[in-house]
Amino acid sequence: MEVSPFPYEDRLPVNRGLPEKGMAREDLLEALAAMAKEEDAFWETGKVSGTMYCGDHGHYRFLVEAFGLFAHVNALQRDMCPSVTKFEAEIIAMTLDLLHAGSSGGEGEGAGGGTTPAGLVTSGGSGSIAHALLAYREHARLARGITAPNVIKPETAHPAFDKACHLFGIELRRAPVDEATTRVDVDWVADHIDGETIAIVGSACNYGYGTIDPIRQLGELALSRGVGLHVDACLGGFILPFGEELGYDVPAFDYRVPGVTSISIDTHKYGYALKGTSVVTFRDKAVRNAQYFYLTDWSGGKYCSPGMEGSRSGGLLAATWASMTSLGRDGYRRYAREIFETAAAMRAAVAAQPELRILGDPTFLFSFTSDVFDVYHVNDFMQTRGWRFNGQQYPNALHMAVTRPQTRPGVVEAFAADLADAVAFGVEHQDEPAASGAIYGGVIGGMTDEADDFIKVLMADMMDSFQHVPPPT
Ligand SMILES: *Cc1c(COP(=O)(O)O)cnc(C)c1O
């Protein structure tokens, strides 16, 4: 990835300090509009996997209008803005309803009997996962006296679990997945639960393969062992339920499944809201409340906050609420239909290439590899035609998260045609290394300590360049 350390230096001054005199608003907005237009052109083609879930500028303009009305409001100051309480409460209520939080979820500990479902609006999927793990840690400390907690996740579950465990001093155990199905090995999970396990994890669906872990079996396990089960539906939560309604084969992953105790679900993905919101939901309010923070004797006044954030934007809550209430079930279902149909057509184009192989049994997001050549050859070639996939490793694979921009006329046909050419390119170059494989693909022979150190240095350089401060002239 080539990122200039000073993007747009040709047309805007590089600010090396706070400018003494402000720039005229019109000039500034004109420059910003030009940048946004150029950058949007990249994904408007429909050739970019994921990231632009809605891609409809009319929808974005509407959300921004709702955002703008409350963007200056702090969601901590509820007495001044009861509207924010309405937005947040209803975002949570609508999400709980979508996830069937009212269902009893069977009998016994971890089932729903007598508990009150609850939720928290967070800043994104990572935030939702972090809050869930913090809640489990605190609840297990209070209820079970656990001081050295551990969590078990499928290897395929999002790095946000590793990050949360790193932040909160939780041991993370990574369960292997079945090579063919890419679903977690439930027996391995069962063998590694011990007296300090606070929760196990399943994804619906995972980011890499778009496959859904055996949630029902994980739920039975969680119930029988008295641990929590977090389902990560960050990606699938706002689209799989509508796929199910449309008759696609989507196994139940929500609160209908006994043993499921929390679910993360991203409004800023298939909820079609603005970036910066997600919801973490709990079957039992007591688990959520375990991570509430209080400081009662501060000289600055009594303080409490429901999550890790302090001040939060009322605008994001308004825009998320506006997205959900303007689309309604009907709107979400319509978008889901288009996306599921497009994904099926794109998968068929992959299946038509004998040199390619789809991993597992995915839904709206699919991942493919090749047993004939390094699949990064396909990536190299498809890049020349404007496509942008997400690169995977162990095994090398490419994934396409189908979003609304792919549902536009002609995109599937272009995908099929370009893919056929890309496969021919791969066959032709099968004895050579693929250019992008060196960056995004796995280390041949498996990861080593040396490779790990080397890659971390490259990644640190990359992150430094993103936060790069222009040196004084
Ligand atoms: C995107 C994603 C996350 C993390 O969400 P962020 O919003 O990027 O923090 C977690 N799990 C899955 C499956 C995801 O796709």
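Residues numbered from 1 in each chain as written. Predicted model: local features only at pLDDT ≥ 70, side-chain atom pairs only at ≥ 80, totals over all residues. Heavy atoms only, no water.

> A description of a negative patch on the surface should follow, citing residues and the corresponding values.
Together, Asp-178, Glu-179, Asp-185, Asp-187 and Asp-191 give the surface a local cluster of negative charge. In this fold, Asp-191 is placed in helix H6 (residues 186-192). (Patch = residues over 30% accessible without salt bridge, like charges linked within 9 Å, V, L, I, M, F, W, Y side chains within 5 Å. Areas by Shrake-Rupley, 256 points an atom, 1.4 Å probe, with all protein chains shown as cover. Salt bridge = Lys/Arg side-chain N within 4 Å of Asp/Glu carboxyl O. Lys, Arg positive; Asp, Glu negative; His and termini not counted. Charge placed at Lys NZ, Arg CZ, Asp CG, Glu CD. Helix = DSSP H or I, 4+ residues; strand = E, 2+ residues; numbered from the N terminus.)

> Give a detailed account of the packing of aromatic side chains, specifying residues and quantitative values.
Inspection of the entire model under this criterion finds 18 aromatic pairs. Aromatic side chains Phe-70 and Phe-87 sit 5.2 Å apart centroid to centroid with 85° between the ring planes, which places their arrangement in the edge-to-face category. Of the two residues, Phe-70 sits in helix H2 (residues 57-70) while Phe-87 sits in helix H3 (residues 82-98), which places them 17 residues apart along the sequence. On the accessibility criterion, Phe-87 (7% relative accessible area) is buried. Centre to centre, the rings of Phe-368 and Phe-389 are 6.1 Å apart; their planes meet at 90°, and the pair counts as edge-to-face. Of the two residues, Phe-368 is situated in strand E11 (residues 365-370) and Phe-389 in the loop between helix H11 (376-384) and strand E12 (390-392); the sequence distance between them amounts to 21 residues. By the burial criterion, Phe-368 is buried, and Phe-389 matches it. Aromatic ring contacts, followed pair by pair, group Tyr-53, Phe-238, Phe-242, Tyr-248, Tyr-270, Tyr-272, Tyr-332, Tyr-335, Phe-340 and Phe-364 into a single cluster. Arg-404 extends its terminal NZ or CZ atom over the ring of Tyr-335, reaching a point 3.7 Å from the ring centre. (Phe/Tyr/Trp six-rings, centres within 6.5 Å; stacked < 30°, edge-to-face > 60°. Buried < 20%, exposed > 50% of the residue type's maximum accessible area, 1.4 Å probe, protein only. Lys NZ or Arg CZ within 6 Å of the ring centre and 35° of its normal.)

> I'd love a proper account of the sheet that holds strand E6 (residues 262-265), names of residues and values included.
Paired through backbone hydrogen bonds, the strands of a sheet run either parallel or antiparallel to each other. The strand order across the open sheet formed by seven strands is E1-E7-E6-E5-E4-E2-E3, and the pairing between neighbours is mixed. What marks the edges here is a single partner per strand, and that holds for strand E1 (118-122) and strand E3 (171-175). The sheet shows a mean angle of 20° between the axes of neighbouring strands, direction not considered. One ladder, built from four bridges, connects E6 with strand E7 (residues 278-282); its direction is antiparallel. Paired with Ser-264 across the bridge in E7 is Val-280. Helix-sheet contacts for H3 involve E1, E6 and E7, and the interaxial angle to E1 is about 120°. (Pairing = 2+ DSSP bridges. Axes fitted to C-alpha atoms, helices over the stretch in contact; angles between N-to-C directions. Contact = heavy atoms within 4.5 Å.)

> With reference to specific residues and values, describe the site of the ligand.
Neighbouring residues of the ligand: 13 residues in total, closest Gly-125, Ser-126, Asp-232, His-268 and Lys-269. At a separation of 2.6 Å, an oxygen atom of the ligand approaches a polar side-chain atom of Ser-126. In this structure, a nitrogen atom belonging to the ligand sits 2.6 Å away from a side-chain N or O atom of Asp-232. Here the ligand, which alone exposes 380 Å², has 85% of that area covered by the protein. When the residues that make up the shell around the ligand are grouped by side-chain class, the tally is five nonpolar, five polar and three charged. (Near = heavy atom within 4 Å. Polar contact = N/O pair within 3.5 Å; in protein donor to acceptor, adjacent residues only side chain to side chain. Nonpolar A, V, L, I, M, F, W, Y, C, P; charged D, E, K, R; others polar.)

> Any details on the pattern of salt bridges? Residues and values, ideally.
Oppositely charged side chains are able to pair whenever their charged atoms sit close together. According to the stated counting rule, one finds 23 salt bridges in the structure shown. We note a salt bridge from Lys-153 to Asp-162, for which the minimum N-O separation is 2.7 Å. Take Lys-153: its relative accessible area is 3%, and that puts it in the buried class. Between Arg-329 and Glu-245 there is a salt bridge, with the nearest N and O atoms lying 3.0 Å from each other. Placement of the pair is Arg-329 in helix H10 (residues 314-351) and Glu-245 in helix H8 (residues 240-245), with a sequence separation of 84 residues. For Arg-329, a relative accessible area of 36% gives the class partly exposed. Taking the relative accessible area as the measure of exposure, Glu-245 reaches 41% and is therefore partly exposed. Each of Asp-97, Glu-245, Arg-329 and Arg-333 takes part in salt bridges that share partners, so that together they form one network.

> I'd like to hear about unusual backbone geometry, residue by residue, with values.
Backbone phi values are negative for most residues with the exception of glycine, while trans is the configuration of most peptide bonds. In this chain, Ala-204 is followed by Cys-205 through a cis amide linkage whose omega measures -5°. Note on placement: Cys-205 falls in the loop between strand E4 (197-203) and helix H7 (215-225). Note that the residue after Tyr-394, namely Pro-395, is joined by a cis bond; omega there is 0°. Here Pro-395 shows up in the loop between E12 and strand E13 (397-401). Look at Tyr-8: it is not a glycine, yet its phi comes out positive at around 65°. Mapped onto the fold, Tyr-8 is located in the segment before helix H1 (25-44).

> Outline the environment of Arg-283, supporting the account with residue identities and numerical values.
Positionally, Arg-283 belongs in the loop between E7 and helix H9 (285-289). Residues Arg-283 and Thr-261 lie 22 residues apart in sequence; the distance between their C-alpha atoms is 5.0 Å. A polar side-chain atom of Arg-283 sits 2.8 Å from the main-chain carbonyl oxygen of Val-260.

> Describe the environment of Gly-259, naming the residues involved and giving the relevant values.
As for its placement among the helices and strands, Gly-259 is situated in the loop between H8 and E6. Judged by relative accessible area, which is 1%, Gly-259 ranks as buried. Spatially, the C-alpha atom of Gly-259 lies 16 Å from that of Arg-288, the residues being 29 residues apart in sequence.

> Quick rundown of the pairing of E7? Include the residues and the values.
With five of its five residues buried, E7 lies for the most part within the structure. Side-chain alternation along E7 places Ser-278, Val-280 and Phe-282 on one buried face and Val-279 and Thr-281 on a second face that is also buried. As paired strands, E1 and E7 are joined by five bridges and run antiparallel to one another. What sits directly across from Thr-122, in E7, is Ser-278.

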